[in-house]
Amino acid sequence: MRVVALCGMGFGTSLMLKMFIGEILEAHGVKAEVHAWDLGSFKGQDADIVVAPTDMKKHLEGYQGRVVLIGNLTDRQEIEEKLLPVVREFLDAQP
Amino acid sequence: MERLARCLTGRVALDVEARDWEEAVRLAGEVLEKAGDIEPAYTEAMIRTVREIGPYIVVTPGVALPHARPENGVLRAAIGLVRLARPVSFGNEVNDPVDLVFPFGTPDRDQHIEVLAALSRLLSDPRRVAALRRAATEEDILAVLRGAPLAPAGS
């Protein structure tokens, strides 16, 4: 499974998200690659789940994949509560 | 947090007046300019980023992390803190208004990671963020970062 933390430039916000996502998935025993990408290089390919700041939702309009939007990017609980159900749904959908 | 405290030393401005988010980011950039960490062009790039991509840099209630790209004028990895006298709105639907502004810059993809991780942990602890809002001096701010015992609530 590949999880992509998305932000405007790939130097700050997405790295913070990536850190929390990695910790949460590890704590729940979920094996995943977690990447931090910027909008410019994100074309939607190869991401099983995209995690982005709520404020960036307009940049994801039309994107068909699984998206998790986070309001408070340093709230581990919010990230966990929103991300885990989507992770489970993705894993359940695998053959 | 020791490294974060060391990086912020001499780059803290408390209770600064700003009319709007743009002035807040400009003042935050000036703190790093004065320290010799960035060129003035980087400050303008931080403002441009918010205008073009949006106020997603307001990462948690009341806290903004303006930044731009290494090629926009970073001289060395750096982070600062400007605490505003009055919070300003960045237009972020979840985390406005903002009173703590941490501008940062990095010359490449790696040099800032450790400090950014320390900042993320700090910001995930509401008691420490509240202590940053109460701190009277730069020394008090640095003490919070170094893990000084927090005053009991209400004191």
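Because the structure is predicted, anything quoted here is derived from the model rather than measured. (Residues numbered from 1 in each chain as written. Chains lettered and ligands numbered in written order. Predicted model: local features only at pLDDT ≥ 70, side-chain atom pairs only at ≥ 80, totals over all residues. Heavy atoms only, no water.)

1. Digging into unusual backbone geometry
Residue and element names in this part refer to chain B. Residue Pro97 follows Asp96 across a cis peptide bond; omega there is -10°. Backbone geometry at Asp15 places phi at a positive 55°, although glycine is not the residue there. Residue position: Asp15 is located in strand 1 (residues 12-16). Exposure remark for Asp15: the relative accessible area of 43% places this residue in the partly exposed category. (Helix = DSSP H or I, 4+ residues; strand = E, 2+ residues; numbered from the N terminus. Buried < 20%, exposed > 50% of the residue type's maximum accessible area, 1.4 Å probe, protein only.)

2. Observations concerning the confidence of the model for chain A
Residues at a pLDDT of 70 or more form 98% of chain A, whose mean pLDDT is 93. Mean pLDDT across the elements of chain A bottoms out in strand 2 (residues 33-38) of chain A (93) and peaks in helix 2 (residues 76-92) of chain A (97). (pLDDT = per-residue confidence, 0-100.)

3. What to know about the sheet that holds strand 3 (residues 49-53) of chain A
All names here are of chain A. What the four strands build is an open sheet, ordered 2-1-3-4; its pairing is parallel. Looking along the sheet, the strands with just one partner apiece sit at the ends: strand 2 and strand 4 (66-70). Taken pair by pair, the neighbouring strands of this sheet meet at an average axis angle of 25°, ignoring direction. Bridge analysis of strand 3 against strand 4 gives five bridges, and the strand direction is parallel. Considered in strand 4, the bridge of Val50 is made with Val67. (Pairing = 2+ DSSP bridges. Axes fitted to C-alpha atoms, helices over the stretch in contact; angles between N-to-C directions.)

4. Regarding the pairing of strand 5 (residues 81-88) of chain B
Residues and elements named next belong to chain B. Where strand 1 and strand 5 come together, three bridges link them in parallel fashion. By the bridge assignment for strand 5, Val12 is matched with Leu81. Here strand 5 runs beside strand 6 (residues 98-101); their pairing, made up of three bridges, is antiparallel. Across the sheet, residue Val82 finds its bridge partner in strand 6, namely Val101.

5. Here's the deal with the pattern of salt bridges
Tallying each qualifying case throughout the model produces 20 salt bridges over all chains. Between Arg69 of chain B and Asp38 of chain A there is a salt bridge, and its shortest N-O distance comes to 3.8 Å. Highlighted residues: Arg69 of chain B in the loop between strand 3 (63-64) and strand 4 (78-79) and Asp38 of chain A in strand 2, drawn from two different chains. Relative accessible area serves as the criterion here: at 10%, Asp38 of chain A is assigned to the buried category. Linking Glu2 of chain B and Arg146 of chain B is a salt bridge whose minimum nitrogen-to-oxygen distance equals 2.9 Å. One end of the pair, Glu2 of chain B, is in helix 1 (residues 2-8); the other, Arg146 of chain B, is in the segment after helix 6 (138-145), and 144 residues separate them in sequence. (Salt bridge = Lys/Arg side-chain N within 4 Å of Asp/Glu carboxyl O.)

6. Observations regarding the environment of Val82 of chain B
Residues and elements named next belong to chain B. Relative to the assigned elements, Val82 resides in strand 5. C-alpha separation for the pair Val82 and Ala148, spaced 66 residues apart in sequence, amounts to 20 Å. The contact partners of Val82, leaving out residues within four places of it in the chain, are Ala13, Val16, Leu27, Ala28, Val31, Asp99, Leu100 and Val101. (Contact = heavy atoms within 4.5 Å.)

7. Quick notes on the interface of chain B and chain A
Across the boundary between the two partners, chain B contributes 31 residues, which contact 25 residues of chain A. Taking both partners together, chain B and chain A bury about 2200 Å²; carbon and sulfur atoms supply 61% of that area. Summed over the shared surface of chain B and chain A, the number is three salt bridges. Arg121 of chain B serves as the salt-bridge partner of Glu23 of chain A, at 2.9 Å between the closest nitrogen and oxygen. There are 11 residue pairs in polar contact (both at pLDDT 80 or more) connecting chain B and chain A. For the side of chain B that touches chain A, the elements supplying multiple residues, two or more each, are helix 3 (40-53), strand 2 (58-60) and helix 4 (113-123) of chain B. A breakdown of the residues in the side of chain B that touches chain A according to their chemical character gives 14 nonpolar, 11 polar and six charged. (Buried area = accessible area lost by both parts, 1.4 Å probe. Polar contact = N/O pair within 3.5 Å; in protein donor to acceptor, adjacent residues only side chain to side chain. Nonpolar A, V, L, I, M, F, W, Y, C, P; charged D, E, K, R; others polar.)

8. Some words on the side chain of Asp99 of chain B
Residues and elements named next belong to chain B. The residue Asp99 is located in strand 6 in this model. Reaching out from Asp99, the side chain makes a polar contact with the side chain of Arg133 at a distance of 2.9 Å. Non-local contacts of Asp99, meaning those with residues more than four positions away in its chain, are made with Gly62, Val82, Arg83, Leu84, Pro87 and Arg133.

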